[in-house]
Amino acid sequence: MKTIKRYLPIIIIGLAFIALAIWDPEKADASLTVSRDYLKEMILIIPPVFLLMGLLEVWIPKDKIRSWLGAGSGVKGALISVLLGTLPTGPLYIAFPMAASLLGKGAKVSNMILFLGAWAALKIPQLVVEMKFLGPEFTAVRFTLTLIVLVIIGQIMERAFTGRHEVLWEQPGESVGQKTKQMGTKR
Amino acid sequence: MITTIIIYTLLAGCLIASWVMSREKTIKASKMALKVLVKTMPSLLAVLGLVGLTLGILSPQTISSLIGTEAGPLGTIIAAVLGAITLIPSLVAFPLAGSLLRAGASVMTISAFVTTLVMVGVVTAPMEIAYLGRRFTLLRNLLSFAAAFLIALLMGVIL
């Protein structure tokens, strides 16, 4: 039953593909091409990112991450988060496991919102493209407003998540429930 | 391409350093990576399918015709929704947004489109849920979607 539930989205998407193929074969063909291109990218990029995350999990101690990005990290922690997000060029879906891993190590929710937001909306290679096609003014104003909004969203989510995390990266033998409890008491 | 090279170079360096320092820890890290990969495989596949479906149905041409024809607040809402559900690489999205802007779409509409495009990910939600949980994903995307309208409004006033 659980297996069926896990694969239900894929079954639905598969059926949607079949329906599209009957209704509009040309669009179904275009869809398959896009999915295939993404598959190529994911196969290349996801395994090394996961391995890097595994190494981070094993080698970087919790108190390090906590002091860089955790509850007491303040403005410094926020700056590190934005910087971590603006530098890379990779797709957003590899930032999710990174954020989850850092959250599990004691990073603040508001800092992870800054990290994910910067990765999605403020990364430097993307800003260069934006400036070229939408102009420096548009880019500068959007950058500033987005940064302000991310700080606000971070504060709201920080309050919504104090003491509760649903993180996937966990030390073997330690259940998520135990971990949540631990984090709750330490806060 | 450059991203891939950087990631693999970084991985090679870290793996060698880790292997030299402790074989057991390196094996443990690999096992953890494999475990998470297997666990999140269904959501990865779901995202793959969704990306294809949305971009196949909503091609850049379709998007530009949908945004281009509708002016005013309705146009901005349509643009925000389209930006939220599609996942377009920035090298395609920004030229598209630029040409729409020059063709007469309002700054507000284009801001809404660009902001939801980068900040809201309906298509990548299965992955975000798999790693960060349902509550986190829902809240982050809803707040970002609402914020996009605020950003669009302010940009319309400023520019």
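Heads up: the structure comes first, above all this text.
Calculation criteria
Residues numbered from 1 in each chain as written. Chains lettered and ligands numbered in written order. Predicted model: local features only at pLDDT ≥ 70, side-chain atom pairs only at ≥ 80, totals over all residues. Heavy atoms only, no water. Phe/Tyr/Trp six-rings, centres within 6.5 Å; stacked < 30°, edge-to-face > 60°. Helix = DSSP H or I, 4+ residues; strand = E, 2+ residues; numbered from the N terminus. Buried < 20%, exposed > 50% of the residue type's maximum accessible area, 1.4 Å probe, protein only. Lys NZ or Arg CZ within 6 Å of the ring centre and 35° of its normal. Axes fitted to C-alpha atoms, helices over the stretch in contact; angles between N-to-C directions. Parallel < 35°, antiparallel > 145°, perpendicular 65-115°, else oblique. Left-handed = near helix turned anticlockwise from the far one by under 90°. Nonpolar A, V, L, I, M, F, W, Y, C, P; charged D, E, K, R; others polar. Salt bridge = Lys/Arg side-chain N within 4 Å of Asp/Glu carboxyl O.

Trainee: So what exactly am I meant to see when it comes to the packing of aromatic side chains here?
Mentor: Aromatic ring pairs are reported here in terms of the distance separating the ring centres and the angle at which the planes meet. Summed over all chains, the structure comprises four aromatic pairs over all chains. Both rings, one in F145(B) and one in F149(B), keep their centres 5.3 Å apart while their planes meet at 80 degrees; by these two values the pair is edge-to-face. Of this pair, F145(B) and F149(B) are both found in helix α8 (residues 134-158), four residues apart, which corresponds to roughly one turn of the helix. We classify F149(B) as partly exposed; its relative accessible area is 27%. The ring of W59(A) carries the charged tip of K25(B) above its face, separated from the ring centre by 4.6 Å. Taking the ring centre of F161(A) as reference, the NZ or CZ of R135(B) above it sits at 4.8 Å.

Trainee: Could you clarify how one ought to interpret the packing of helix α2 (residues 25-59) of chain A against helix α2 (residues 23-57) of chain B in this entry?
Mentor: One way to put it is that α2(A) packs onto α2(B) with a least axis distance of 8 Å and a crossing angle of 160 degrees. Classified by the angle between their axes, α2(A) and α2(B) sit roughly antiparallel to one another. Of the two possible hands of crossing, α2(A) and α2(B) adopt the one that is right-handed. Its residues assigned to classes, the contact of α2(A) with α2(B) comprises 23 nonpolar, nine polar and four charged.

Trainee: Explanation requested: the pattern of salt bridges in the structure shown.
Mentor: Proximity of charged atoms lets side chains of opposite charge pair with each other. Under the definition given, this model contains two salt bridges over all chains. Where R142(A) meets E130(A), a salt bridge forms, and the shortest distance between an N and an O atom there is 2.7 Å. Remark: E130(A) occurs in helix α7 (residues 124-134) and R142(A) occurs in helix α8 (residues 136-161); sequence separation between them is 12 residues. Given the relative accessible area of 0%, R142(A) is considered buried. A salt bridge links R140(B) to E128(B), with the nearest nitrogen and oxygen atoms 2.6 Å apart.

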